[in-house]
Amino acid sequence: MINLFFMSKCEQCIVRELSSLKALNKDELLRIAECKTSRTIKKGEPIFEEGDVVNGVYCITSGICKMSKLSANGKDQIVKLIKAGELLGQRSMISDEPANLSAIALEDMEVCFIPKAEILNFFDTNNQFSMNLMKTICGDLKETSDHLVSISQKTVKERLAETLIYLQDNFGKNPDGSLHIQLSREELAGMIGTATESCIRLLSDFNKLGLIELSGKKIILKDMAKLKRIAD
């Protein structure tokens, strides 16, 4: 009865619906339910850190985390944001290398961990799962490449507008209209590849122009059309 209960949870899980795990059949889901471990990650805590050996994949069932890298000067560079329905650690697991990024919770999260041995076993028995996972990794690499191109070819002003739009389109708004993800000014600066002071100054400029509204840490996008023109 317990196995059937957890299998049902795995079948209905948002991660299974949106990730490469959707290729798994009921027997394979049952095996995951028997070997997985679940945990709560509090805001600010790491799921794993740069340099850790990741012996499996993490399924994000709720919450949002940032993937970041510590630069030589000690600054935290946000490379990507991960939300519910996505997997973490698959590249490091397959390449058999330590994690090259840290995964830090931006809000309270629920995470399941599936051991490496079980995932690799599916590679031998489920071709569609293998293909799905490879496509996910290739998609991540393309996203990283696109981000590097944006950093090198766009101005800081264009990157800020682009990032604000990305945050709203991908992570939504609060009831008051503010961006659901409330990044610190330092985190936002790290995401667009500039100094914190420059980011603060640009946000103030956007506010004066009526493109956004600032209320403490909250940011409300007021003129999407103009922001998109700046971003493009």
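Above: the structure in question.
These remarks concern the structure in this document. Values in this document were obtained by computation on a predicted structure and should not be read as measured data.

### With respect to the pattern of salt bridges
Consideration 1: Under the defined criterion, the tally for this structure stands at 9 salt bridges.
Consideration 2: For the salt bridge of Glu50 with Lys69, the shortest nitrogen-to-oxygen distance reads 2.9 Å. You can see Glu50 sitting in the loop between β2 (46-48) and β3 (56-62) and its partner Lys69 sitting in strand β4 (residues 64-70), a full 19 residues away along the chain.
Consideration 3: Here Lys66 ties to Glu187 by a salt bridge, and the two come within 2.9 Å at their closest N and O atoms. Placement of Lys66 in strand β4 and of Glu187 in helix α8 (residues 185-192) is noted, with a sequence separation of 121 residues between them. A single burial state applies to Lys66 and to Glu187, both of which are buried.

### Concerning the nonpolar core
Consideration 1: Of all hydrophobic cores here, the largest spans 28 residues; its most connected members are Leu164, Leu167, Leu188 and Ile212.
Consideration 2: Sort the elements by how many residues they give to this core and helix α7 (residues 156-171) lands first, with 6 residues.
Consideration 3: Structurally, this core is a two-domain feature, drawing no fewer than three residues from each of domain 1 (37-115) and domain 2 (153-231).
Consideration 4: Non-local contacts of Leu167, meaning those with residues more than four positions away in its chain, are made with Leu81, Gly172, Leu179, Ile181, Leu183, Leu188 and Met191.
Consideration 5: Counting residues in each nonpolar core, the second largest holds 17 residues, with Ile47, Phe48, Val54 and Ala103 among its members.

### Things to note about unusual backbone geometry
Residues other than glycine predominantly adopt negative phi, and peptide bonds predominantly adopt the trans conformation.
Consideration 1: The backbone of Asp96 sits at a positive phi, close to 60°, despite the residue not being glycine.
Consideration 2: Here Asp96 lies in the loop between α4 (90-95) and β7 (102-105).

### Notes on the side chain of Lys66
Consideration 1: Among the residues examined, Lys66 registers a relative accessible area of 8% and is labelled buried.
Consideration 2: Among the polar contacts listed, one links the side chain of Lys66 to the side chain of Glu187, at a separation of 2.9 Å.
Consideration 3: Those residues in contact with Lys66 that lie beyond four places of it in its chain are Asp76, Ile78, Lys80, Leu81, Ser102, Ala103, Ile104, Leu106 and Glu187.

### Observations regarding the packing of aromatic side chains
Consideration 1: One pass over the full model with this rule turns up 5 aromatic pairs.
Consideration 2: Taking 4.8 Å as the distance between ring centres and 50° as the angle between the ring planes, the aromatic pair formed by Tyr58 and Phe113 counts as tilted. One end of the pair, Tyr58, is in strand β3; the other, Phe113, is in strand β8 (residues 109-115), and 55 residues separate them in sequence. The exposure classification of Tyr58 matches that of Phe113, with both residues buried.
Consideration 3: Ring geometry for Phe123 against Phe129: centres 5.9 Å apart, planes inclined by 90°, an arrangement best described as edge-to-face.
Consideration 4: Under the relative-accessibility criterion, Phe123 is labelled partly exposed at 22%.
Consideration 5: Three or more aromatic residues joined by ring pairs form one cluster here, namely Phe48, Tyr58 and Phe113.
Consideration 6: Note that Lys83 overlies the ring of Phe171, its terminal NZ or CZ placed 5.5 Å from the centroid.

What counts and what doesn't
Residues numbered from 1 in each chain as written. Predicted model: local features only at pLDDT ≥ 70, side-chain atom pairs only at ≥ 80, totals over all residues. Heavy atoms only, no water. Salt bridge = Lys/Arg side-chain N within 4 Å of Asp/Glu carboxyl O. Helix = DSSP H or I, 4+ residues; strand = E, 2+ residues; numbered from the N terminus. Buried < 20%, exposed > 50% of the residue type's maximum accessible area, 1.4 Å probe, protein only. Core = buried A, V, L, I, M, F, W, Y, C linked by side-chain atoms within 4.5 Å. Domains from an automatic or database assignment. Contact = heavy atoms within 4.5 Å. Polar contact = N/O pair within 3.5 Å; in protein donor to acceptor, adjacent residues only side chain to side chain. Phe/Tyr/Trp six-rings, centres within 6.5 Å; stacked < 30°, edge-to-face > 60°. Lys NZ or Arg CZ within 6 Å of the ring centre and 35° of its normal.

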